[in-house]
Amino acid sequence: MTHVRAFEIVHDDEVVECLERTTVRLPLDDVVADGIHSWEPRPEARRCRPPHSHAHLFDPSHEVAPLRIGRFVMRSSGGERLREGVIRVREPADFAPWVSRTLVPAEGTALRAWLRTQGAEPEGPGWDRRSRKALRRLERLLTPFRGHGSTTVSDFPGLYGTGAEGCFELEPIEVPSGRPVLCRTSHEGVEVTIKRRLGSSGGQVPLVQRLRVSADDGWSYFDGHTFDVGDDLDALPERVRAMMDERGTAYAPSGVPMRPLSDLVPTFIVRPPSRRALESIDGPAACPPPCAGRPALLFPSTDPVPLLGPEGGRRDISDERRGSYGVS
């Protein structure tokens, strides 16, 4: 079963929908067929608003605000529980009473941090006057702009106002347990990856194995040493299929190159200096290495740059017994 990072619906009523971050496991064939992939936080969206508009609102004609994860302590019949996820507000006018009944302004939560920005410090089980007044401000901040789109409070992660519409970045999927789960979907294909590290305790090389499947079932696979392609998913080697189905995590297709960058030849290997080496340095090195005077490109060691041995042949780093190497 392939891992998919998604959200579980833990509370749903006419006022709010609460989504908790979780991981589900789905058959690889289902993940590929439906374009299912993990939710990942995106970079902050550009704030687009006309002059004199509300400072906390995003113009729905431009890119919507990205989902951000918040930490919340929620009361329920089973007691208080810390959850990490998203609260989507359907009815901003009723949100402040819901918060007073359901959320606890515990230390380390998004609610507590936001109340502090408003000059409020609630103590004990009740809410002081300043805290209740701050909660009422959320109605104005969470009302969708011109009645549609979505809103976000810039300093309150995990809190969104979307009106009666659905969660704007996620789609419901069926999982074996029958739980209501939301995740991302794509019509462009899926990339399933396995991240591991090779080497000894003295240093390790990060290695990412990638299986990239397009919408028409064409696929490519790279494990840091071997590259393979195919036009039909049925031709995927059974070893790769079983490995990705058991340990892989599904993501949206990335722009990471799959083939080795054969036109680039590493000139030197970079290792973090030991404490003893750092202590022995007395001023700058007298003679820089020969490669220092040449223009160069630096790539992270997860990119498939071929590593050559002393004789000029390709060095195989897939065997952990060979030690640790890092390419930059």
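These numbers were taken from a predicted model, which means no experiment stands behind them.

Cut-off values and rules
Residues numbered from 1 in each chain as written. Predicted model: local features only at pLDDT ≥ 70, side-chain atom pairs only at ≥ 80, totals over all residues. Heavy atoms only, no water. Phe/Tyr/Trp six-rings, centres within 6.5 Å; stacked < 30°, edge-to-face > 60°. Helix = DSSP H or I, 4+ residues; strand = E, 2+ residues; numbered from the N terminus. Buried < 20%, exposed > 50% of the residue type's maximum accessible area, 1.4 Å probe, protein only. Core = buried A, V, L, I, M, F, W, Y, C linked by side-chain atoms within 4.5 Å. Contact = heavy atoms within 4.5 Å. Pairing = 2+ DSSP bridges.

## A word on the packing of aromatic side chains
(1) Moving on: For the structure shown, the criterion picks out four aromatic pairs.
(2) Moving on: With centroids separated by 6.4 Å and ring planes inclined at 25°, the aromatic side chains of Phe 72 and Phe 156 adopt a geometry described as stacked. On the criterion of sequence distance, the pair formed by Phe 72 in strand β4 (residues 70-76) and Phe 156 in the loop between β7 (151-152) and β8 (159-161) is long-range, its members being 84 residues apart. Neither Phe 72 nor Phe 156 differs from the other in exposure class; each is buried.
(3) Moving on: Centre to centre, the rings of Phe 95 and Trp 98 are 5.8 Å apart; their planes meet at 15°, and the pair counts as stacked. Remark: Trp 98 and Phe 95 occur in helix α2 (residues 95-102); sequence separation between them is three residues, near one turn of the helix.
(4) Moving on: Given a relative accessible area of 1%, Trp 98 falls into the buried group.

## Quick word on the nonpolar core
Grouped burial of nonpolar side chains is what soluble globular proteins tend to show.
(1) Moving on: In terms of nonpolar packing, the biggest core is built from 26 residues, with Ile 87, Phe 95, Trp 98, Leu 138, Phe 156 and Leu 159 touching the most fellow members.
(2) Moving on: Where this core is concerned, the elements lending two or more residues are β2 (16-26), β4, β5 (79-89), α2, α3 (110-117) and α4 (129-142).
(3) Moving on: Residue contributions to this core peak at five residues, all from α4.
(4) Moving on: The contact partners of Phe 95, leaving out residues within four places of it in the chain, are Val 15, Val 16, Ile 87, Val 89, Leu 138, Leu 142 and Leu 159.
(5) Moving on: Counting 25 residues, the second largest nonpolar core, distinct from the first, contains Val 4, Cys 183, Leu 211 and Val 213.

## With respect to the pairing of β4
(1) Moving on: Relative to β5, β4 runs antiparallel, the two sharing seven bridges. Across the sheet, residue Val 73 finds its bridge partner in β5, namely Leu 82.
(2) Moving on: Counted along the chain from β4 to the antiparallel partner β5, the turn is two residues long.
(3) Moving on: Sheet topology places β4 next to strand β6 (residues 103-104); two bridges connect them, and they run antiparallel. For Met 74, the partnering residue across the bridge sits in β6 and is Leu 103.

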